[in-house]
Amino acid sequence: MSDVTRVSPAEAHELVSREGHAYVDVRTEAEVAEGRPSGAYNVPFQLAAEGGRVDNPEFLQVMRACFTLDSPLVVGCQSGVRSLRAARALVAAGYARVVDQRAGWGGVRSPFGETKEKGWESAGLPTESGDLGDRAYAVLRARA
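Residues numbered from 1 in each chain as written. Predicted model: local features only at pLDDT ≥ 70, side-chain atom pairs only at ≥ 80, totals over all residues. Heavy atoms only, no water.

Asker: Can you help me understand the sheet that holds strand 7 (residues 73–76) in this one?
Answerer: Within a sheet, neighbouring strands are paired by backbone hydrogen bonds and run either parallel or antiparallel to one another. Read from one edge to the other, the open sheet built from 5 strands follows the order 1-8-7-2-4, with strand pairing classed as parallel. Bordering the open sheet on either side are strand 1 (5–7) and strand 4 (41–42), each of which pairs with just one other strand. The sheet contact formed by strand 2 (residues 22–25) and strand 7 spans 4 bridges and is parallel. In the sheet register, D25 faces strand 7, and the bridge partner there is G76. Packed on one face of the sheet, helix 1 (residues 9–19) meets strand 1, strand 2, strand 7 and strand 8 (98–101) and runs near 100 degrees to strand 1. Along the sheet, helix 4 (residues 81–92) makes contact with strand 1, strand 7 and strand 8, crossing strand 8 at roughly 175 degrees. (Pairing = 2+ DSSP bridges. Helix = DSSP H or I, 4+ residues; strand = E, 2+ residues; numbered from the N terminus. Contact = heavy atoms within 4.5 Å. Axes fitted to C-alpha atoms, helices over the stretch in contact; angles between N-to-C directions.)

Pasting the structure below:
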């Protein structure tokens, strides 16, 4: 597995707001519609399926159509599990400037439900919900 730099939500916000990184939220379309980091693009790493989620076979194809291999990217999800897998897939595919936002949107919890690390939302960072416009998966997928 490729090593991927992991950053806190605050560090991810800094990269996006001050250093020009694009935030790619790899959660499902339904999850992202409920709330996401302001300005995030949605390219699901997994798709909703009967009984759970399945890997999105078009993930890398859509990413290649929308972002160059040297695009600075922050990848995030709900808790940091999917985004780490997605970031590793991107690095393996030749992306050179990828970081994973650990703790994701909702944070990391212990097996007992205690917050171990706040996510983007609970850290009080800028959020949005509803229509993503030209950052929506359907629009990005149409470019591929």
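And the narrative resumes.
Asker: What is the right way to look at the packing of aromatic side chains in this model?
Answerer: Geometry of an aromatic ring pair is reported as the spacing of the ring centres plus the angle between the planes. Taken as a whole and judged by the stated rule, the model has 3 aromatic pairs. For the pair Y23 and W120, a centre-to-centre distance of 5.3 Å together with 70 degrees between the ring planes defines the contact as edge-to-face. Taken together, the positions of Y23 in strand 2 and W120 in the loop between strand 10 (115–117) and strand 11 (127–128) put the pair 97 residues apart, joining distant regions of the chain. Judged by its relative accessible area of 3%, Y23 is buried. Arranged with centres 5.1 Å apart and planes meeting at 90 degrees, the rings of F45 and F59 form a pair that is edge-to-face. Here F45 is found in the loop between strand 4 and strand 5 (46–49), whereas its partner F59 is found in helix 3 (residues 59–66), with 14 residues between them in sequence. (Phe/Tyr/Trp six-rings, centres within 6.5 Å; stacked < 30°, edge-to-face > 60°. Buried < 20%, exposed > 50% of the residue type's maximum accessible area, 1.4 Å probe, protein only.)

Asker: Help me understand the pairing of strand 2 in this model?
Answerer: Consecutive residues of a regular strand have side chains that alternate between opposite faces of the sheet. Of the two faces of strand 2, the one carrying A22 and V24 and the one carrying Y23 and D25 are both buried. In the sheet, strand 2 pairs with strand 4 via 2 bridges, with the strands oriented parallel. Bridge assignment links D25 to a residue of strand 4, and that residue is N42.

Asker: Quick question: what am I supposed to make of helix 3 here?
Answerer: At 3.6 residues per turn, the α-helix brings residues three or four places apart onto the same side. Turning to helix 3, its buried residues number three or more, namely F59, V62, M63 and C66. Buried residues in helix 3, looked at end-on, bunch into an arc of 100 degrees, giving them a common side. (Arc of directions from axis to C-beta.)

Asker: Can you walk me through the nonpolar core in this structure?
Answerer: What tends to happen in soluble globular proteins is that the nonpolar side chains get buried as a cluster. V26, V43, F59, M63, F67, L73 and L90 are the most contacted members of the largest nonpolar core, which has 22 residues in total. Breaking this core down by element, the ones donating at least two residues are strand 2, helix 3, strand 7, helix 4 and helix 5 (137–143). Other than its neighbours up to four places away in sequence, L90 contacts F59, L60, M63, L73, V75, Y95 and V98. Ranked by size, the runner-up nonpolar core spans 10 residues in total, among them L15, V74, V99 and L125. (Core = buried A, V, L, I, M, F, W, Y, C linked by side-chain atoms within 4.5 Å.)

Asker: Would you mind showing me how to read the side chain of Q101 here?
Answerer: By secondary structure assignment, the location of Q101 is in strand 8. Within polar-contact distance, the side chain of Q101 engages the side chain of Y23 at 2.7 Å. Setting aside residues up to four positions removed in sequence, Q101 forms contacts with V7, S8, P9, A12, Y23, V74, V75, G76, G80, S83 and W120. (Polar contact = N/O pair within 3.5 Å; in protein donor to acceptor, adjacent residues only side chain to side chain.)

Asker: Explanation requested: the environment of R64 in the structure shown.
Answerer: Along the chain, R64 turns up in helix 3. R64 gets classed as partly exposed once you look at its relative accessible area, which sits at 49%. When the C-alpha positions of R64 and L90 are compared, they lie 9.5 Å apart, and in sequence the two are 26 residues distant. Aside from chain neighbours lying at most four places away, what touches R64 is A93 and Y95.

Purely spatial values, then, with no claim about function.
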